[in-house]
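Analysis of the macromolecular model
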Amino acid sequence: MTTESATTQGSSEAKFGETLLSVKGLRMYFPVTSGLFVQRKVADVRAVDGISFDVKKGETLGLVGESGCGKSTTGRAILQLHRPTEGTVNFDGTELTELKGAGLRRFRRRMQMIFQDPFSSLNPRMSVAQIISEPLAIHGLYKGAERRERLDYILNAVGLNPTYARRYPHEFSGGQRQRIGIGRALAVEPDFIVCDEPVSALDVSIQAQVINLLEDLQEQFDLTYLFIAHDLSVVKHISDRIAVMYLGHIVELAEAEELYLNPVHAYTRALLSAIPIPDPIVEQTRDRIILEGDVPSPLNPPKGCVFRTRCTKKDQCKCSDTVPVLEEIEPGHWVANCQCCMTK
Amino acid sequence: MARLLEVEDLQTYFFTDEGTVRAVDGVSWGIEAGETLALVGESGCGKSVTAMSILRLIPNPPGRIVGGSITFDGLDLLNVSDAEMRAIRGNRIAMIFQEPMTSLNPVLTIGQQIREAIELHLGMNEDEATQKAIELLELVGIPEAEQRIQDYPHQFSGGMRQRVMIAMALSCDPKLLIADEPTTALDVTIQAQILEIMANLCSELGTAVLVITHNLGVVARYADRVNVMYAGQIVEMGTAVDIFKNPQHAYTRGLMASVPRLDDTEHTRLATIEGQPPLLIQEINGCAFRPRCTKVSGCHCSTTKENNPKLVEVEPGHWVADCPCCMTAD
């Protein structure tokens with residue numbers, strides 16, 4: 001995927017404002033070391049291998065893919081929780097990969113994260129008030145009595161009773177804990193939130209509550225989301241545009257409805273057909289594409305098209321030589337241009 | 001003709017220091033030979049405890065089956081000896097667990113683990129059992145089965161391990177297979193592979209399947225009939241089409257409406273069920289769904305134990321807990 005690709009994404013421009021986040025050629029490799037006394041690098045885990053996309057102000061970009069495809073690493077690399085190996089992350093006109101120390105911390109206020117596991121992402125020894133106030137203290141916002149007011153405001157906004165402020169995480173259910181995590185992210189008035197599988201640990205009826213809350217907050221506070229999840233039905237529900245990732249690459253990027261109605265890449269089609277629809281009558285007639293095998297190891301990804309090893313046309317496939325790049329086949333609809341994967 | 005498995009008024013309680021947890025509180029249902037029944041509900045509603053009760057795997061203490069009966073193929077499972085129960089487990093009733101990572105023994109090869117049940121239940125010698133193990137692995141789609149039976153579980157991926165679990169479960173040609181969240185830990189494309197293999201093999205062998213899941217999509221695709229559980233009780237039972245197309249209980253309706261569907265064309269707000277499921281440590285009097293019912297203010301349901309809703313048949317084969325509030329649409 002070239003660095004030029006996916007810089008403009010057509011039709012979504014009308015609905016949303018200017019570009020808030022621009023990721024170009026992002027690579028995140030983790031070294032694998034070996035040796036008893038001297039740790040020598042023997043290989044790289046290519047978690048994210050050259051991806052580019054833009055996120056507009058006020059929009060939700062969904063990032064889907066299976067475990068190990070690099071979705072979470074992408075989110076963390078954008079927030080500079082991992083320093084990218086290569087590539088640029090431009091947030092509202094500032095290049096984040098060049099920032100450090102206090103300069104980076106100032107931007108961290110504007111970019112927050114909501115984590116997957118509401119049980120391990122809250123400190124069990126801190127009360128709700130302490131959890132939500134800590135980011136305010138770090139960034140020196142809302143001092144004194146104002147902080148108390150801010151706390152009540154945030155708790156109300158995420159649908160928790162302000163009298164719960166003195167309680168500890170173990171006193172809450174999973175859904176309520178996730179609300180605390182959302183409150184913590186929201187407290188510092190961010191512009192951009194990376195939601196890393198925020199509902200996958202929750203039960204169905206609680207999942208719906210949290211999804212609705214995220215949508216309400218987006219409207220109320222003018223938030224921009226990068227929504228990472230493996231459940232395509234949830235991602236499709238909440239996202240304006242969706243990027244499908246496979247083994248560190250984006251294979252397809254389009255508006256949510258377009259991606260569902262007109263999927264082009266073989267992996268996207270398989271992923272969509274693998275998700276059963278909760279309707280027995282629809283399911284009776286639905287065709288399924290069952291992919292063979294497992295996702296290859298990112299330690300040693302296939303050369304050329306990364307989907308090659310699971311492609312149904314792999315016998316005639318000649319795509320081992322060229323690395324596919326994202327190509328705009330229709331305004332706003334980008335596909336990795338592997339010839340095999342693009343034909344049905 | 002009697003059904004393959006008949007569960008009658010089953011009550012499984014856990015006696016803890018904090019009090020008695022009524023994990024399963026009086027459920028009655030059955031499975032016909034060869035059919036697929038799904039047990040649906042949120043975490044803590046008693047799905048897994050029901051399955052464990054059938055196999056008598058409830059840890060005692062603190063758990064105990066305090067009432068009811070379970071009849072399998074004419075045999076009263078709650079009154080057979082431990083030795084008889086051991087001869088049934090893994091033989092005529094098999095189970096697949098949720099976690100393919102932890103339910104295989106890491107220090108035994110795959111071959112040894114599959115052979116164990118075959119040698120024990122079918123009385124084969126080692127060579128015959130090895131041959132059978134290889135056949136089974138080929139059946140569930142593991143390439144180079146002959147070499148791979150010498151591998152250890154850590155050399156298999158999650159999806160492959162779950163295939164091994166299916167091979168083990170089906171090794172003795174069981175009449176009933178209990179699959180407790182068989183694919184929750186797996187990725188979607190792998191999930192599709194595994195469910196397809198399981199469904200195909202079971203329909204070939206005529207095995208009845210009790211599948212426990214919270215994924216309504218999986219239920220819609222694979223189940224013939226569905227039991228919806230809430231707070232240790234069944235609130236609705238019926239065919240998959242009844243439950244999805246004509247849900248009668250407020251909880252079932254709420255559950256159906258709260259899942260985003262891939263084929264939704266317009267963006268609509270998800271319906272939610274406000275509040276949390278009740279704590280089972282408190283005795284539930286009256287309708288268990290009462291605190292979350294949208295009509296709670298106008299609800300005249302009785303709150304005494306004697307008037308707990310009972311299942312009534314609203315159309316042939318479609319049973320609903322007869323709480324008048326929950327049964328009326330909004």
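Let me begin by describing the structure that accompanies this report.

Some details on the overall build of chain A
- Within chain A, the regular secondary structure consists of twelve helices and twelve strands.
- Burial analysis of chain A (344 residues in total) assigns 57% to the buried set.
- Partitioning the intrachain contacts of chain A with sequence separation of at least 6 by distance along the chain shows that 65% fall at a separation of at least 24.
- With an accessible surface of roughly 14,500 Å², chain A has 49% of that area assigned to carbon and sulfur atoms.

Focus: the pairing of strand 12 (residues 318–321) of chain B
Residue and element names in this part refer to chain B.
- Sheet topology note: the strand 10 (residues 233–239)/strand 12 ladder contains two bridges and is antiparallel. Bridging from a neighbouring strand, methionine 237 pairs with tryptophan 319 of strand 12.
- Linking two consecutive strands that pair antiparallel, namely strand 11 (residues 311–315) and strand 12, is a turn of two residues; a positive phi of about 80° is found at glycine 317 within it.

Description of the pairing of strand 6 (residues 111–114) of chain A
All names here are of chain A.
- Taking every second residue as pointing to the same face, both faces of strand 6 are buried, with Met111 and Met113 on one and Gln112 and Ile114 on the other.
- Note: strand 6 against strand 7 (residues 192–196), four bridges, orientation parallel. If you follow methionine 113 over to strand 7, its bridge partner there is valine 194.

A short note on the sheet that holds strand 6 of chain A
Residues and elements named next belong to chain A.
- In space, the eight strands of this open sheet follow the order 6-7-8-3-9-10-12-11, with mixed pairing throughout. Each edge of the open sheet is held by one strand with a lone partner, namely strand 6 and strand 11 (326–330). Strand-to-strand twist of the sheet, defined as the mean angle between neighbouring strand axes without regard to direction, takes the value 20°.
- Here strand 3 (residues 60–64) runs beside strand 8 (residues 224–229); their pairing, made up of five bridges, is parallel. Within strand 8, the position partnered with valine 64 by the bridge is alanine 229.
- This element, helix 6 (residues 174–186), spans strand 6 and strand 7 of the sheet and lies at about 175° to strand 6.

Some words on the interface of chain B and chain A
- Listed per partner, the contact involves 42 residues of chain B and 43 residues of chain A.
- A buried area of about 3,900 Å², summed over both sides, lies between chain B and chain A, and 58% of it is on carbon and sulfur atoms.
- For chain B, the biggest contributors to the area lost against chain A are Thr189(B), Arg221(B) and Leu262(B); these three give 19% of the whole.
- Our enumeration of links across chain B and chain A arrives at five salt bridges.
- A salt bridge links Arg269(B) to Asp216(A); the shortest N-O distance between them is 2.8 Å.
- Our count for the contact surface shared by chain B and chain A stands at 17 residue pairs in polar contact (both at pLDDT 80 or more).
- Counted by class, the side of chain B that touches chain A contains 18 nonpolar, 13 polar and eleven charged residues.

Criteria and thresholds
- Residues numbered from 1 in each chain as written.
- Chains lettered and ligands numbered in written order.
- Predicted model: local features only at pLDDT ≥ 70, side-chain atom pairs only at ≥ 80, totals over all residues.
- Heavy atoms only, no water.
- Helix = DSSP H or I, 4+ residues; strand = E, 2+ residues; numbered from the N terminus.
- Buried < 20%, exposed > 50% of the residue type's maximum accessible area, 1.4 Å probe, protein only.
- Contact = heavy atoms within 4.5 Å.
- Areas by Shrake-Rupley, 256 points an atom, 1.4 Å probe, with all protein chains shown as cover.
- Pairing = 2+ DSSP bridges.
- Axes fitted to C-alpha atoms, helices over the stretch in contact; angles between N-to-C directions.
- Buried area = accessible area lost by both parts, 1.4 Å probe.
- Salt bridge = Lys/Arg side-chain N within 4 Å of Asp/Glu carboxyl O.
- Polar contact = N/O pair within 3.5 Å; in protein donor to acceptor, adjacent residues only side chain to side chain.
- Nonpolar A, V, L, I, M, F, W, Y, C, P; charged D, E, K, R; others polar.

The values reported here are purely geometric and, on their own, carry no functional implication.
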